[in-house]
Amino acid sequence: MKWVRIGQLTNYISISEQTVRKLMKENVFLEGKHYVKNPYIGHTLFNLEELETWLLQHSQGSSEALKLMQMKDW
């Protein structure tokens, strides 16, 4: 399991920081599953495996090859 900060997400998946924040506000991304708030370091950390799974499940109208192409070197 790999955890990253929001600024690092775009290095791995094709979701912008603004979209991630919006999905968090709309409770699409769930705390404890897709992200955790870490009070010790003062950052929110995101679970790349869960976000990848969500992205693949919600890419509508795309072939599997196109879905995989949307991922960045992961």
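Residues numbered from 1 in each chain as written. Predicted model: local features only at pLDDT ≥ 70, side-chain atom pairs only at ≥ 80, totals over all residues. Heavy atoms only, no water.

## So, the packing of aromatic side chains
And step 1. As enumerated under the stated definition, the model contains 2 aromatic pairs in all.
And step 2. Their ring planes at 85 degrees and their centres at 5.0 Å tell us that Phe29 and Trp54 sit as a pair that is edge-to-face. Linking Phe29 in the loop between helix H1 (17-25) and strand S2 (35-38) with Trp54 in helix H2 (residues 48-57), this pair joins segments that are 25 residues apart in sequence. An identical accessibility class is assigned to Phe29 and Trp54; each is buried. (Phe/Tyr/Trp six-rings, centres within 6.5 Å; stacked < 30°, edge-to-face > 60°. Helix = DSSP H or I, 4+ residues; strand = E, 2+ residues; numbered from the N terminus. Buried < 20%, exposed > 50% of the residue type's maximum accessible area, 1.4 Å probe, protein only.)

## Describing the confidence of the model for the protein chain
And step 1. Residues with a pLDDT of 70 or more make up 80% of the protein chain, whose mean pLDDT is 82.
And step 2. Mean pLDDT in the protein chain bottoms out at helix H3 (residues 64-70), which sits at 51, and peaks at strand S3 (residues 43-47), which reaches 94. (pLDDT = per-residue confidence, 0-100.)

## Brief notes about the nonpolar core
And step 1. Counting residues in each nonpolar core, the largest one holds 15 residues, and the members touching the most others are Leu9, Ile15, Val20, Phe29 and Phe46.
And step 2. Residue assignment for this core shows that the elements contributing at least two residues are H1 and H2.
And step 3. Discounting chain neighbours no more than four positions away, the residues touching Ile15 are Thr10, Val20, Phe29, Trp54 and Leu55. (Core = buried A, V, L, I, M, F, W, Y, C linked by side-chain atoms within 4.5 Å. Contact = heavy atoms within 4.5 Å.)

## Examining the pairing of S2
And step 1. Here 4 bridges tie S2 to S3, and the two strands are oriented antiparallel to one another. Looking at the pairing, Lys37 lines up with Thr44 of S3.
And step 2. Where S2 folds back onto S3 in an antiparallel hairpin, the turn is made up of 4 residues, including Gly42, whose phi is positive at roughly 75 degrees. (Pairing = 2+ DSSP bridges.)

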